[in-house]
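Fold and contact review
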Amino acid sequence: MRPILLTQGDPAGIGPEIALRAFAEGDAPFVYLGSGDHISTLAHPMGIDVHCVAALDETRDGALLVLDHPLAAPVVPGRPDPANAAATVEIIARGVELATSGAAAAIVTNPINKKALKDGAGFKFPGHTEFLGQLCGVERPVMMLASPELRVVPVTIHIALAEVPSALTPTLLEETLRTTADALRNDFGIAVPRISVAGLNPHAGEGGAMGREELEVIAPVLERLRAEGMAVDGPRSADTMFHPAARAHYDAAVCMFHDQALIPIKTVDFAGGVNVTLGLPIVRTSPDHGTAYDIAGKDIADPTSLIAALRLAREIAATRAA
């Protein structure tokens, strides 16, 4: 298989550290895209050989292969430098270009800090997902968080809770459900995906007594998709969707807002959750955590989520190829 490409993320965060720990595990191979000088400095005390390459088809046994992308300023763990923001954004764009061209089978993105990128490079996107959508020419990419125990998809993502009811339109919900069903088939190999859909309000609105979005927005979309043969159920009360017996009856849960989806999966499998962007022409995954500035440079960061992201990227790429 073509190589998996791992982007550096914020160099002052834990991304470079967990990249080295993932490499040391040895069962999720990748090529690192980022500062060769910085990763070499971190790798030396670990006894890891770093070899910079000019192209993804180069090899060197036993070494971490690095596509070098220089930084403007030295890195201080835990202290993001605005001078490095532009390079951090460029690395993501370069990774997407390599995946789009077919040189890489997938990209896995290490965490970024949106405020640091906005302050240093004018980054205008609320997160990786929206930026990747623009780079790939996809208007509405969909964010999934996946683990062996649970897959969740939020319909609205990085917006204030007060804005959710107006943002939750039938068109957005339908497109999210269709993208999710397509990805479950094409990326996860599930022939007949089963999707459970949460309501927006407590008790799924309780027949309109606690809100009417279920009656006026969600239910009509589900009825239309069921008539087409899609296996979708709901709207369901979100507080009864995530215990083990309930999870056995669906392949993914579609939720109406960010925390409604992310709290359950981070409770069920905090370390093993993976962020997957659905609806892109390329494969993209990411560890389900942030830059963790508070522990950067302390050699205690857990690479479990990154390793899971690398493995899942390879699995999805293989499924698509098949």
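Located above this text is the structure these notes cover.
Each chain carries its own residue numbering, running from 1 in the direction its sequence is written. Thresholds applied to this predicted model are a pLDDT of at least 70 for local features of residues and 80 or more for the giving and counting of side-chain atom pairs; totals over whole chains, interfaces and linings are not thresholded and use all residues. Processing note: side-chain calculations cover all non-hydrogen atoms of the structure and skip hydrogens and water entirely.

Focus: the overall build of the protein chain
Here is the rule we go by: Numbering of helices and strands starts at the N terminus; helices are DSSP runs of H or I of at least 4 residues and strands are runs of E of at least 2. The atom set for the radius of gyration is the C-alpha atoms, and the globule formula is 2.2 Å times the number of residues raised to the power 0.38. Only protein chains enter the calculation, and the probe is 1.4 Å; a residue is then buried if its accessible area is under 20% of its type maximum, exposed if over 50%, and partly exposed in between. Contacts: residue pairs with any heavy atoms within 4.5 Å of one another. Values of accessible area rely on a 1.4 Å probe in the Shrake-Rupley scheme; residue burial ignores everything except the protein chains shown. Counted as positive: Lys and Arg. Counted as negative: Asp and Glu, with His and the chain ends omitted from the count. Positions of charges follow a simple convention, taking NZ of Lys, CZ of Arg, CG of Asp or CD of Glu.
Secondary structure summary: the protein chain contains 11 helices and 12 strands in total. A compact globule built from 322 residues would reach a C-alpha radius of gyration of about 20 Å, and the protein chain, at 20 Å, matches this within 12%. Across its three principal axes, the protein chain shows a C-alpha extent of roughly 60 × 40 × 35 Å. A total of 322 residues make up the protein chain; the buried ones form 53% of that total. The long-range fraction of contacts in the protein chain, counting pairs at least 24 apart against all pairs at least 6 apart in sequence, stands at 71%. Accessible surface, the protein chain: about 13,700 Å² in total, of which carbon and sulfur atoms supply 53%. Positive and negative charge centroids in the protein chain, built from 25 and 38 side chains respectively, lie 2 Å apart.

Considering the side chain of E214
This is how the line gets drawn: Salt bridge, as applied in this entry: a Lys or Arg side-chain nitrogen positioned within 4 Å of an Asp or Glu carboxyl oxygen.
Along the polypeptide, E214 turns up in helix 8 (residues 213–227). No salt bridge forms around the buried E214; measuring N to O, its nearest opposite-charge neighbour R212 is 8.7 Å away. Contact partners of E214, with chain neighbours within four places excluded, come to G199, L200, N201, A204, G205, A219, P220 and P235.

With respect to the environment of R185
In plain terms, the rule: We define a polar contact as two N or O atoms separated by no more than 3.5 Å, with the added condition that, inside protein, one atom must be a possible hydrogen donor and the other a possible acceptor, whereas residues neighbouring each other in sequence contribute only through side-chain atom pairs.
Tracing the backbone shows R185 in helix 7 (residues 170–186). For the pair R185 and E97, spaced 88 residues apart in sequence, the C-alpha to C-alpha distance is 25 Å. Polar contacts involving the side chain of R185 include one to the side chain of D182, which spans 2.5 Å.

Observations concerning the sheet that holds strand 1 (residues 4–7)
Short version of the rule: Two strands pair under a simple rule: DSSP has to find at least two bridges between them. For helices, the fitted line uses only the C-alpha atoms of the stretch in contact; every axis is such a line through C-alpha atoms, and the angle between N-to-C directions lies from 0 to 180 degrees.
The 12 strands are arranged 3-4-2-1-5-12-11-6-7-10-8-9 in an open sheet whose pairing can be described as mixed. Looking at strand neighbours, the two that pair on one side only are strand 3 (50–53) and strand 9 (231–236), the edges of this open sheet. Averaged over all adjacent pairs, the angle separating strand axes in this sheet is 25°, with direction ignored. Here strand 2 (residues 31–34) runs beside strand 4 (residues 64–68); their pairing, made up of 3 bridges, is parallel. Residue L33 lies in a different strand from strand 4, and its bridge partner there is L67. On top of the sheet, helix 2 (residues 36–43) reaches strand 2, strand 3 and strand 4; it is set at about 150° to strand 4, its chief contact.

A short note on the packing of helix 7 against helix 8
The cut-off we apply is this: Roughly parallel refers to an angle under 35 degrees, roughly antiparallel to one over 145, roughly perpendicular to one between 65 and 115, and oblique to any angle outside these ranges. Helix crossings get a hand from a simple test, with the near helix turned counterclockwise from the far one by less than a right angle marking a left-handed crossing and a clockwise turn marking a right-handed one.
Contact geometry of helix 7 with helix 8 gives a least axis separation of 9 Å together with a crossing angle of 45°. Accordingly, the angle class assigned to the pair helix 7 and helix 8 is oblique. Crossing angle aside, the handedness with which helix 7 passes helix 8 is right-handed. Between helix 7 and helix 8, the residues in contact are P170, L173, E174, L177 and R178 and V217, I218, V221, L222, R224 and L225, respectively.

A few points about unusual backbone geometry
Note that the residue after G234, namely P235, is joined by a cis bond; omega there is 0°. Looking at where P235 falls in the secondary structure, it is placed in strand 9. In the Ramachandran plot, A204 falls in the positive-phi region, its phi being about 55° despite a non-glycine side chain. The backbone phi angle of E206 is positive, close to 45°, even though this residue is not glycine. Here E206 lies in the loop between strand 8 (194–198) and helix 8. Residue E206 is classed as partly exposed on the basis of its relative accessible area of 44%.

A closer look at the pairing of strand 12 (residues 284–287)
Burial along strand 12 is two-sided: the face carrying R284 and S286 and the face carrying T285 and P287 are both buried. Counting the residues that bridge the hairpin from strand 11 (residues 274–278) to strand 12 gives 5 residues, and of these G279 lies at a positive phi of roughly 90°.

Quick word on the nonpolar core
To be explicit about the condition: Among buried residues, those of type Ala, Val, Leu, Ile, Met, Phe, Trp, Tyr and Cys that are joined through side-chain atoms within 4.5 Å constitute a nonpolar core.
Of all hydrophobic cores here, the largest spans 62 residues; its most connected members are F30, L64, M144, L177 and M256. Considering each element in turn, this core owes the most residues, 8 residues, to helix 11 (residues 304–321).

Digging into helix 3 (residues 85–101)
The following threshold applies: One less than the residue count of a helix, multiplied by 1.5 Å, gives the span that helix is expected to have.
With 17 residues, helix 3 should cover 24 Å at 1.5 Å per step; its first-to-last C-alpha distance of 25 Å lies within 8% of that length. Turning to helix 3, its buried residues number three or more, namely A85, A87, T88, V89, I91, I92, G95, V96, L98 and A99. If you follow the buried residues of helix 3, they end up packed against strand 1, strand 2, strand 4, strand 5 (106–109), helix 4 (114–121) and helix 5 (128–136).

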